[in-house]
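Spelled out from the first residue to the last, the chains are:
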Amino acid sequence: MCGIIGYVGTRDCVPLLISGLKRMEYRGYDSSGIAIINDDKIHIYKKKGKIEELEKGLLQNPHSATIGIGHTRWATHGAPTEVNAHPHTSFSGDVAVIHNGIIENYSELKQALLLKNHTFRSDTDTEILAHLIEEFYEGDLQKAVIRALHRVEGTYGIAVLHAGEPDKIVVARKGSPLVIGIGDGEYFVASDLAAMVEYTRDVIFLEDGEVGTISREGLTHTTLEETRIDRKSTHIDFSLDQIEKGGYKHFMLKEIMEQPHTLEDTMRGRIQVDEGNIILGGLQGHLDALKKAEHILLLACGTSYHSALVGRYLIEEWARIPVQVEYASEFRYRNPLIEKNTIAFAISQSGETFDTLEAMREARKRGALCLGIVNTVGSTIARETDGGIYLHAGPEIGVASTKAFTSQVTVLTMLGVLLGRQRGMSAEEGRNILGDLRKMPDLVARILRTKDDLLDIAKTFSRASNFLYLARGPNYPVALEGALKLKEISYIHAEGYPAAEMKHGPIALIDRKMPVVFIATNDNVYAKVLTNIEEVRSREGVVIAVASEEDKGIEHLADHVLRIPDCHPMLMPLLTVIPLQLLSYYVADILGLDVDKPRNLAKSVTVE
Ligand code: G6P
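Since this is a predicted model, take the numbers as computed values, not measurements.

## Comments concerning the domain arrangement of the protein
Move 1: Domain assignment breaks the protein into domain 1 (3-236), domain 2 (243-438) and domain 3 (453-597).
Move 2: In this assembly, 17 residues from domain 1 lie in contact with 13 residues from domain 2.
Move 3: Area buried by domain 1 at its contact with domain 2 is led by Tyr-26, Trp-74 and Glu-104, which between them contribute 46% of it.
Move 4: Where domain 1 packs against domain 2, one counts one salt bridge.
Move 5: Split into classes, the residues belonging to the side of domain 1 that touches domain 2 amount to eight nonpolar, four polar and five charged.

## So, the packing of helix H8 (residues 259-267) against helix H15 (residues 427-448)
Move 1: Contact geometry of H8 with H15 gives a least axis separation of 8 Å together with a crossing angle of 170 degrees. Judged on the interaxial angle alone, H15 and H8 are roughly antiparallel. Judged by residue contacts, Gln-259, Pro-260, Leu-263, Glu-264 and Met-267 of H8 engage Leu-437, Arg-438, Met-440, Pro-441, Val-444, Ala-445 and Leu-448 from H15.
Move 2: Taken together, the residues that form the contact of H8 with H15 break down as nine nonpolar, one polar and two charged.

## Overview of the pairing of strand S20 (residues 369-374)
Move 1: For S20, the tally of buried residues reaches five of six residues, placing the bulk of the element in the interior.
Move 2: Sheet topology note: the strand S19 (residues 342-348)/S20 ladder contains six bridges and is parallel. Bridge pairing in S20 links Ile-343 to Leu-369.
Move 3: With helix H12 (residues 354-365) bridging S19 and its parallel neighbour S20, the resulting β-α-β unit is right-handed.

## Observations concerning the environment of Met-267
Move 1: Examined against the element boundaries, Met-267 turns out to sit in helix H8.
Move 2: Between the alpha carbons of Met-267 and Ile-279 there is a distance of 9.9 Å; along the sequence they are twelve residues apart.
Move 3: When residues no more than four places from it in sequence are discounted, the contact partners of Met-267 are Thr-410, Met-414, Leu-437, Arg-438 and Pro-441.

## Observations concerning the site of the ligand
Move 1: The local shell around the ligand holds 14 residues, among which Ser-304, Ser-348, Gln-349, Ser-350 and Thr-353 are the closest.
Move 2: In this structure, Ala-602 approaches the ligand through a main-chain N or O atom, which is 2.9 Å from an oxygen atom.
Move 3: Compared with its free state, where it exposes 390 Å², the ligand has 91% of that area covered by protein.
Move 4: Sorting elements by how many residues they give to the shell around the ligand places helix H10 (residues 302-319) first, with three residues.
Move 5: Taken together, the residues that form the shell around the ligand break down as four nonpolar, eight polar and two charged.

## Description of the nonpolar core
Move 1: In this structure, Phe-467 and Tyr-469 are the most contacted members of the largest nonpolar core, which totals 93 residues.
Move 2: Among the elements that take part in this core, helix H19 (residues 573-590) stands out by supplying eleven residues, more than any other.
Move 3: Per-domain counts for this core show at least three residues from each of domain 2 (243-438) and domain 3 (453-597).
Move 4: Here Tyr-469 is in contact with Ala-479, Gly-482, Ala-483, Leu-486, Ala-494, Glu-495, Gly-496, Tyr-497, Val-517, Leu-580 and Leu-583, once residues within four sequence places are set aside.
Move 5: Among the nonpolar cores identified, the runner-up in size contains 30 residues, and Ile-5, Tyr-7, Leu-17 and Leu-58 belong to it.

Analysis parameters
Residues numbered from 1 in each chain as written. Predicted model: local features only at pLDDT ≥ 70, side-chain atom pairs only at ≥ 80, totals over all residues. Heavy atoms only, no water. Domains from an automatic or database assignment. Contact = heavy atoms within 4.5 Å. Buried area = accessible area lost by both parts, 1.4 Å probe. Salt bridge = Lys/Arg side-chain N within 4 Å of Asp/Glu carboxyl O. Nonpolar A, V, L, I, M, F, W, Y, C, P; charged D, E, K, R; others polar. Axes fitted to C-alpha atoms, helices over the stretch in contact; angles between N-to-C directions. Helix = DSSP H or I, 4+ residues; strand = E, 2+ residues; numbered from the N terminus. Parallel < 35°, antiparallel > 145°, perpendicular 65-115°, else oblique. Buried < 20%, exposed > 50% of the residue type's maximum accessible area, 1.4 Å probe, protein only. Pairing = 2+ DSSP bridges. Right-handed = clockwise from strand over helix to strand, strands pointing away. Near = heavy atom within 4 Å. Polar contact = N/O pair within 3.5 Å; in protein donor to acceptor, adjacent residues only side chain to side chain. Areas by Shrake-Rupley, 256 points an atom, 1.4 Å probe, with all protein chains shown as cover. Core = buried A, V, L, I, M, F, W, Y, C linked by side-chain atoms within 4.5 Å.

Shown next as structure tokens:
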């Protein structure tokens, strides 16, 4: 995701900003830029693509300065282009802003600024902020920033320069991290400790609703209400590697633990609970086509295919439109039939999976309207589709997909409600589903707090040679995903099956060495799943059940129980997958395997 670095002091800040940006490369980005102040003027350098491009440009046109800010952008509003890269400047060019986060009311703010004859160069929400700060500027940058932030809804970590106050950087945070680093006669600011640990380890963490101004003379630290804050600095003694992973041992664990936040980000600004409605900006131009759609086709690979399978249950249930889910690689080569009024969704975390891209092109050739459900903004699938829905889950670095899956299911839930509401779903039903969807980040956080229980179970089963995962209904794809996660990173053979299909084959495999993971949640097939559990027990299989916190009876049937809170039955996959992700993670870690880069696998499969 986006990264912020800033410096004010006595050294030449240009190499320092570049090295700080490079330290944040692991987070993923698509463009970068810096702003420095020289001769009381702001100078901006930006480039699309790698930081090396920015660096090359700066070497050809050398500059030095002792104050500056730098940014790596991971696009959320507007394509990943040089114009959309940060820093963004105000109308006069006197204000430069870098920003992490999303300004939700940016179009409203933009309208107001357009009425005051502002013109904008980029498609970003951040540029609006630079203009707004200029509107409020009366000789004191910190005050202008505070006034502007009082008008902003959404999340931000920002660093701001003003040509008229060439020795100050104003920083502020709400929902997006920022840390101030303290040196000798110099200050740093960064969104990520990794960007500054090379220079200082004495830091002050900014909290939400706080503002700071750093200069060579010191730090002013207040709330947005201008109440002074005197916070002591903290000394950091983690290694750089630990810092990049947010203190977690692996990116995969970090990404699993991030899910309460990524789910918030996926939903932000898109859900109107009171009206029971969904607003998806990237589909606005296609609402008529969605209303007329008679067939939905979901094309995907790997984990994304599993989220598509969950999507089928949701869309068919709520919108009553037939949904076809296809492995992209199979779809391409089987002379597929595309009916009239078919909308195809290409689902892909990376947006670069070759088979998904080609399947999408094939569907378009055969007359389908093609939309995307993609995480990486500006990726090939995102560019080639006619519209779509971004996940906003941030870069996923662990090869085994986790947070992208839950964000995909969240997007498909929102899509299901949108299609349902177009076809007679009542506002009340919409409200019920969306009210429960809004609770998911908290419920996921609740499951994550029990992660040590999973560690204990993983210790018990890390030497198993095979696992079976069984479930029904919308949890069936979660069984497939649980099995995929385990085999991807622990190399233990695992199979997912619809629970009732067990008797047509897998039951032959069951003996006392076979752990069987059942998802047995509180839904219309619960009693049936219990019967399947009995069948496994009577063949001495070991049962690990994912079950409701309220389900006391399950303890008599299962050898181990992984507890999850109750929720709307169709939203269960968002919860049931969490213990399965953790179980795979811990098994692989106990086995001492390379969790983030499992053998033979790639994060983005750009070949056939
Ligand atoms: C690879 C990754 C998987 C991913 C799949 C589809 O196999 O290792 O984690 O689910 O590709 O990737 P996509 O980026 O299209 O979702």
